[in-house]
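Overview (structure and organization)
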Amino acid sequence: MDMVHIDLLLDILRRLPPRSLAVSRCACTAWRAAIDHHRADLLPLSVDAAVYDERSSEEPARLFGRPSTARHITSNLDYLADSGVDVHGVQDHCNGLFLTHGVKVVNIATRQWAPLPLLPCGRCRNNRYLAYDPTISPHYKVLYIPRILADTTCAEWPPTPYVMYVFSSRTDRWKETSFVREGDAAAVGTVDDVNSCSLDPDEHMHYAAYWQGSLYVPSPRIKDDFLLRINLSSDKYQLIKLPKGRVRSHFRLGKSKKGVYCVVNTNERCTFRVWFLHESCGLTDWVLKNEINLEPAFTKKDWHCRPWIPQPPEHIQLLLKSNINLKLADEYNEAVAKDGFDWDSDDEDLVSITDWPKKCDAYIEGPYCLGFHPYKEIVFFNERGVCPCSMVAYHLNSSRIRYLGNMRSRCRYSMEEVSFAYTPCWMMDLPGSN
């Protein structure tokens, strides 16, 4: 197919809703290739909810988002119970797919799910990561980074080569892969350094970022806090120091508009710095985007607009009883359009924080970063340990905040809670799905 016809085809496909787009992929090889190659221009790209999992609770993961999202999508995975897997426990999320503790990859919008084969090296805890970009391909990878073993004979950590296991949906199997370290090795420590740390070595290995074929994973403390940038195509990794924070800082990595971002708490309560990882010609540098005190946002009582809601139990039950089909994606897009909610930083419901104090005056439970908008420079924060638990969206470029609503009314915060900004993916082509 020549470029003239490809451009004409893409112009037509851009006007199609996700349901018709999915059907078009099945028309012929040329159409499938064109859609897959240009999928970034063809898929809706919007953060419509937050999904959080209270790991200490037996309850399923919860959804907090647009009313239209709560009516069409549920994070409750009880429909997997017949497959004989543990339906509780979300471990990772990447571009609309979830990785569960029951070793399943799940698309909660389409309710498609695919099992993973057993790891060749046995069980692990918090160190499996999902790599998926629906704008490039329907295929995904899962990376398992082994923990330090008590009887390891490797003197330095992280080692080179670093043996990890990579699952590919193309091959439907795990592959033992040796990743070679490149670049500056100044952050390299020893196994004894990590084992002598009072913290769980896995504690800071949550919340990786996936960007342009590489996974960015926070790693255990050695000399400094750092991350591993793991290139899944070249089988190489690089150590990158994380920005400075307070002692025992909590880092939240994520992908946003320009690449990889990091939120770190400072020595001031309720105060955070937002950094952007600038990468050019093999060099990396953390650029400070903003410092923000969130105390006024969470003590403000006169928020008038609360556009997001916790998903009501009756919606969950209706969705679990209903069937999924391609028509639902069209209905969902129409419902979202009627919501009248978007991420425009000029919206009148946003409040400027340029005049807010730089330090926290009141004593409130420290808020946490919940995640990032993957396509706009927006960071999400939520309260923990208080009732009700509020959530806000902070626009980096305009220094304005939007109040989204109360995520929950009960105080059930657990330090093991995991949470993600959720972008629905309506492509019903999950490899290996049941």
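Further up the page is the structure itself.
Structure report, in brief. Note that the coordinates shown come from a computational prediction; the quantities given were computed from them, not determined experimentally. (Residues numbered from 1 in each chain as written. Predicted model: local features only at pLDDT ≥ 70, side-chain atom pairs only at ≥ 80, totals over all residues. Heavy atoms only, no water.)

**Considering the environment of His373**
Stated precisely, the cut-off is as follows: Helix and strand definitions here come from DSSP, where helices need a minimum of 4 consecutive H or I residues and strands a minimum of 2 consecutive E residues; each element is numbered from the N-terminal end. Should any heavy atoms of two residues lie within 4.5 Å, those residues are considered in contact.
Take His373: it is sitting in the loop between strand E23 (368–372) and strand E24 (378–382). For the pair formed by His373 and Thr423, sequence separation is 50 residues and the distance between their alpha carbons is 8.6 Å. If we ignore the near neighbours within four places in the chain, the residues touching His373 are Val47, Lys255, Ser256, Lys257, Trp343, Ile378 and Phe380.

**A short note on the environment of Leu404**
For the record, the criterion: The rule is simple: take the accessible area with a 1.4 Å probe, protein chains only, and divide by the maximum for that residue type; under 20% is buried, over 50% is exposed, in between is partly exposed.
When you line up the elements, Leu404 lands in strand E26 (residues 400–408). Here Leu404 falls in the buried class, since its relative accessible area comes to 0%. Here the alpha-carbon distance between Leu404 and Ala393, two residues eleven residues apart in the chain, equals 7.1 Å. Residues contacting Leu404, with those up to four places away along its chain left out, are Phe64, Arg306, Pro307, Trp308, Phe341, Trp343, Phe380, Met391, Val392 and Ala393.

**Looking at the packing of aromatic side chains**
Geometrically, a pair of aromatic rings is defined through the distance of the ring centres and the angle of the planes. Applicable threshold: Note on aromatic pairs: the rings of Phe, Tyr and Trp (six-membered ring only in Trp) are paired at centre separations within 6.5 Å, and the planes decide the class, stacked below 30 degrees, edge-to-face beyond 60, tilted for the rest.
One pass over the full model with this rule turns up 16 aromatic pairs. With 6.2 Å between their ring centres and 35° between their planes, Tyr140 and Phe167 make a pair best called tilted. Taken together, the residues Tyr140 in strand E8 (residues 140–144) and Phe167 in strand E10 (residues 162–168) connect sequence positions 27 residues apart. Residue Tyr140 shares its accessibility class with Phe167, and that shared class is buried. Measuring from ring centre to ring centre gives 5.2 Å for Tyr332 and Trp426, while their planes differ by 45°; the resulting arrangement is tilted. Taken together, the residues Tyr332 in helix H8 (residues 326–339) and Trp426 in the segment after strand E27 (418–422) connect sequence positions 94 residues apart.

**Things to note about the nonpolar core**
Selection criterion: Residues enter a nonpolar core if they are buried and are Ala, Val, Leu, Ile, Met, Phe, Trp, Tyr or Cys, with the set joined through side-chain atoms within 4.5 Å.
Membership of the largest hydrophobic core comes to 37 residues, with the highest contact counts inside it found for Val105, Tyr140, Val142, Leu143, Leu215 and Ile230. Elements with a minimum of two residues in this core: strand E4 (97–100), strand E7 (128–132), E8, E10, strand E11 (173–182), strand E14 (214–219), strand E15 (226–231) and strand E16 (236–241). Here this core gets five residues from one element, more than from any other, and that element is E10. With near-sequence residues (within four places) excluded, Tyr140 lies in contact with Leu97, Val105, Ala114, Leu116, Leu130, Ala131, Tyr132, Phe167, Ser168, Ser169, Leu430 and Pro431. In terms of nonpolar packing, the next biggest core, distinct from the first, is built from 22 residues, Leu63, Val106, Ile108 and Ala109 among them.

**Section: the sheet that holds E23**
Test applied: Two strands pair under a simple rule: DSSP has to find at least two bridges between them.
In spatial order, the strands read E22-E26-E25-E24-E23; together these five strands make up an open sheet with antiparallel pairing. In the strand order of this sheet, the two ends are held by strand E22 (351–352) and E23, each with one partner. Sheet analysis places E22 next to E26, joined by two bridges and oriented antiparallel. Looking at E26, one finds that Val351 is bridged to Ile401.

**So, the sheet that holds E7**
Within a sheet, each strand pairs with its neighbour through backbone hydrogen bonds, oriented either parallel or antiparallel. What counts is decided by this rule: Axes here refer to lines fitted to C-alpha atoms; in helices the fit is confined to the stretch in contact. Angles between the N-to-C directions go from 0 to 180 degrees.
Ordered by their spatial adjacency, eight strands build an open sheet running E7-E8-E10-E11-E16-E15-E14-E13, and the pairing between neighbours is mixed. On the outer flanks of this sheet lie E7 and strand E13 (209–211), each paired with one strand and no other. If you compare each strand with its neighbour and ignore which way they point, the axes differ by 30° on average. Direction of pairing for E10 relative to E11: antiparallel, over a ladder of seven bridges. Counterpart to Phe167 in the pairing with E11 is Trp174.

**Points about the pattern of salt bridges**
Here the idea is simple: oppositely charged side chains can pair when their charged atoms come close. The cut-off we apply is this: Each reported salt bridge corresponds to a side-chain nitrogen of Lys or Arg within 4 Å of a carboxyl oxygen of Asp or Glu.
Going through the model one piece at a time under the given rule, you end up with five salt bridges. The partner of Glu291 in a salt bridge is Arg273, and the shortest N-O contact between them spans 2.9 Å. Of the two residues, Glu291 sits in strand E20 (residues 283–293) while Arg273 sits in strand E19 (residues 271–280), which places them 18 residues apart along the sequence. A cluster of three or more residues bridged by salt bridges with shared partners is formed by Asp48, Arg66 and Asp339.

By themselves, these are just geometric observations and shouldn't be taken as functional.
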